[in-house]
Amino acid sequence: MKQSRRNFLKFAGLSAAGLCLAPTAAALASGGGGAGKAHAVVNAKTLHAKRWAMVVDTRKLNTEEAIETLAEVCHHIHNVPTIPGKQEVKWLWEGTYAETFPEQENNFPSEDLEKRRFPLLCNHCENPSCVRVCPTKATFKRADGIVAMDYHRCIGCRYCMAACPYGSRSFNFMDPRPFMDMDKINKKFPTRMRGVVEKCNFCVERLAIGEMPACVEKSSGAITFGDLQDPDSSVRKVLRENFTIRRKPAVGTEPGVYYII
Amino acid sequence: MYNGGKIITGLVIFIGLVSLPFWANMGGSYEQPKIELPKNSTECIAPKEEMRTSHMQLLNDWRDMALREGKRTYISASGKEYTISLQNTCMECHTSKAEFCDKCHTDAGVTPYCWDCHVPPKEAK
Ligand code: SF4
Ligand code: SF4
Ligand code: SF4
C-alpha cells in the first residue's frame, strides 16, 4: 500500500513537470518562425505616435467657407452623406466661439473673436466618456490615443451620443446611400448602414498608409497633427509657442484637439 | 382517453405536414453553383478549400486585426503580402459580386449584410 502511494506521487510529480515543460517544447518544435503560418503585421508605412493630437490655429483658419472646404474633403473620402435637417451626419463642422467654448465665454468679446468660426470634430479624448459607456466596445480607444469605431459591433443604442459632451457623434437614422452620389463615392472606404453611430476617426486609414489626416493636409498649415508625448514633435512645438485652449475643460475628458486663439 | 384515436391521427397528420419540406427534399442531390473565378489572378490568399469553408472566420479575424490591432498587412501561408481589406483586396479579384458571392450565398440561403456598408464593384449591365 505504502509502496503504491509512493509510486503514484512520483508519477504525478513527473506528469506535472511534463505538463509545465510541454508548451516550451511545443514552441521550440514549431521553431517560432513566422513563415508558413498566415499572420498579420502593421503596415510598413504606418505613421506611429504614442498619443496623436491636433492643434488648430484659429488665427489662420476661422471662416465658414474655409472650414466648409475641409469638411467637404473629409466627408467625401469617408462617404459621409449630406442629409438635410436634424438627421444630418457630420464628422467635421463649424461653430461660433460661444458654441465651441461655452464655459469660457466672455460677456464683451473682441470683434475679431465674435466673427471667428471654429472647426469642430471628435476630440479623441484622453478620458473618453463615449468609450466608458459603450456596452459593446464598438467605440474603443487605441493605444495611440485615437478613439475609434467598429461599426460591425455598434448596436445603435446611442449611449455614446448621450455621453459625449461635444456632440461629436451622429446617428444614422436611415440608409445613407440614397443621400450620396454612388458614382462618385470613395470606393476605398465603406459607407455605413442604418442604425449605427459614426464620427471622425482621425483618419486612421490614412495614417496606416503613411498619410496625414485629410483636413490637416488641406488646411495649408493651419492644423498641426503629431505626437503629444514626443517633446520634439510638431504639435509640442506649436503648443510651446502659442496660447491654446481646449473645449469644456470642466468635464474632464481631456480633449486631444487644441485651439490657438 | 377521450377521442384517443382522433388525437393520434391528428398528430400524425400534423407531424407529416410540418416535416413535408424535409420529405420533399429527400433523395435530391446538391449541386454546387458555378461561380466565376477571377481572370486576373491564379492564387487566393489561402487554399480554395480553406476559403470555401472559413472565409467568414477569416473576414472576422481581418476586421479585428485591421480595426482593433491596427495591423493592415496580411502575410499568407505562402509568404505573400496583402492589404487587409474586403473592399480593396477581395473585391479587386472577385470583381463580380453577382457571379461570385451571391451564387453560393443564394444557394445556401444566407444573406450576409456585408454589402450594407462595403461597396461591391460596379457590375457591368
Ligand atoms: S469628443 Fe466625444 S466622441 Fe470624441 S472621444 Fe471625446 S467623448 Fe468620445
Ligand atoms: S451606439 Fe454603438 S458605439 Fe454608441 S454606445 Fe451604443 S453600441 Fe457603442
Ligand atoms: S481627422 Fe480625418 S476624419 Fe477627422 S475631421 Fe479630419 S479629415 Fe475628417
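Residues numbered from 1 in each chain as written. Chains lettered and ligands numbered in written order. Predicted model: local features only at pLDDT ≥ 70, side-chain atom pairs only at ≥ 80, totals over all residues. Heavy atoms only, no water.

Side note on the interface of chain B and chain A
So, step 1. In this assembly, 22 residues from chain B lie in contact with 30 residues from chain A.
So, step 2. Of the roughly 2,400 Å² buried between chain B and chain A, counting both surfaces, carbon and sulfur atoms make up 51%.
So, step 3. Put simply, chain B and chain A have three salt bridges between them.
So, step 4. For arginine 68 of chain B, the salt bridge identified is with aspartate 150 of chain A, shortest N-O distance 3.3 Å.
So, step 5. Seen at the junction of chain B and chain A, the total is 15 residue pairs in polar contact (both at pLDDT 80 or more).
So, step 6. Where strand S1 (residues 39–41) of chain A meets strand S1 (residues 73–75) of chain B, three bridges bridge the pair, whose relative direction is antiparallel. Residue pairing across strands places valine 41 of chain A opposite threonine 73 of chain B, the latter belonging to S1 of chain B. (Contact = heavy atoms within 4.5 Å. Buried area = accessible area lost by both parts, 1.4 Å probe. Salt bridge = Lys/Arg side-chain N within 4 Å of Asp/Glu carboxyl O. Polar contact = N/O pair within 3.5 Å; in protein donor to acceptor, adjacent residues only side chain to side chain. Pairing = 2+ DSSP bridges. Helix = DSSP H or I, 4+ residues; strand = E, 2+ residues; numbered from the N terminus.)

Things to note about the pattern of salt bridges
Working definition: two side chains of opposite charge can pair if their charged atoms are close together.
So, step 1. Summed over all chains, the structure comprises 23 salt bridges over all chains.
So, step 2. The shortest N-O distance in the salt bridge between aspartate 57 of chain A and lysine 60 of chain A comes to 3.8 Å.
So, step 3. Judged by relative accessible area, lysine 60 of chain A falls into the exposed class, the value being 58%.
So, step 4. A salt bridge links glutamate 99 of chain B to lysine 103 of chain B, with the shortest nitrogen-to-oxygen separation between them at 3.0 Å. Residue glutamate 99 of chain B and its partner lysine 103 of chain B are located together in helix H5 (residues 97–108), separated by four residues, close to a single helical turn.
So, step 5. Judged by its relative accessible area of 30%, glutamate 99 of chain B falls in the partly exposed class.
So, step 6. Overall, lysine 103 of chain B belongs to the partly exposed group, its relative accessible area being 30%.
So, step 7. Each of Asp150 of chain A together with Arg63, Asp64 and Arg68 of chain B takes part in salt bridges that share partners, so that together they form one network. (Buried < 20%, exposed > 50% of the residue type's maximum accessible area, 1.4 Å probe, protein only.)

Re the pairing of strand S11 (residues 257–260) of chain A
All names here are of chain A.
So, step 1. Residues Val257 and Tyr259 line one face of S11 and the alternating positions Tyr258 and Ile260 line the opposite face, and both faces are buried.
So, step 2. Direction of pairing for strand S2 (residues 52–57) relative to S11: parallel, over a ladder of four bridges. Its bridge partner lying in S11, valine 55 is registered against tyrosine 258.
So, step 3. Both strand S10 (residues 244–245) and S11 contribute to a ladder of two bridges, which runs antiparallel. By the bridge assignment, threonine 244 is partnered in S11 with isoleucine 260.

What to know about a nonpolar patch on the surface
All names here are of chain B.
So, step 1. Taken together, the side chains of Ile13, Leu17, Leu20, Phe22, Trp23 and Met26 make up a nonpolar region of the molecular surface, amounting to roughly 690 Å² of accessible area.
So, step 2. Counting residues per element, the ones that place at least two in the nonpolar patch are helix H1 (4–18) and helix H2 (20–25).
So, step 3. Take the nonpolar patch: its biggest share by element is three residues, from H2. (Patch = residues over 30% accessible without salt bridge, like charges linked within 9 Å, V, L, I, M, F, W, Y side chains within 5 Å. Areas by Shrake-Rupley, 256 points an atom, 1.4 Å probe, with all protein chains shown as cover.)

Overview of the pairing of S2 of chain A
Residues and elements named next belong to chain A.
So, step 1. Within S2, six of the six residues are buried, which leaves the element mostly enclosed by the surrounding structure.
So, step 2. Side-chain alternation along S2 places Trp52, Met54 and Val56 on one buried face and Ala53, Val55 and Asp57 on a second face that is also buried.
So, step 3. Relative to strand S9 (residues 223–227), S2 runs antiparallel, the two being bridged by five bridges. Bridging across to S9, valine 55 finds its partner in threonine 224.

A look at the sheet that holds S2 of chain A
All names here are of chain A.
So, step 1. Reading across from one edge, S9-S2-S11-S10 is the order of the four strands in this open sheet, with mixed pairing throughout. Of all the strands in the sheet, the pair left with one neighbour each is S9 and S10.
So, step 2. Of the strands in this sheet, S2, S9, S10 and S11 touch helix H9 (residues 234–241), which is tilted by about 120 degrees from S9. (Axes fitted to C-alpha atoms, helices over the stretch in contact; angles between N-to-C directions.)

With respect to the site of ligand 3
So, step 1. Cys74, His78, Trp91, Leu92, Leu121, Cys200, Asn201, Phe202, Cys203, Pro213, Ala214 and Cys215 of chain A make up every residue found near ligand 3.
So, step 2. Looking at side-chain class alone, the shell around ligand 3 contains 10 nonpolar, two polar and no charged residues. (Near = heavy atom within 4 Å. Nonpolar A, V, L, I, M, F, W, Y, C, P; charged D, E, K, R; others polar.)

Observations regarding the sheet that holds S1 of chain B
So, step 1. Taken in spatial order, the three strands line up as S1(A)-S1(B)-S2(B) in an open sheet, and their pairing is antiparallel. Only two strands of the sheet have a single neighbouring strand rather than two, namely S1 of chain A together with strand S2 (81–83) of chain B. When the angles between neighbouring strand axes are averaged without regard to direction, this sheet yields 35 degrees.
So, step 2. Summarising the sheet, S1 of chain B and S2 of chain B pair through three bridges and their orientation is antiparallel. The partner of threonine 73 of chain B across the bridge, within S2 of chain B, is threonine 83 of chain B.

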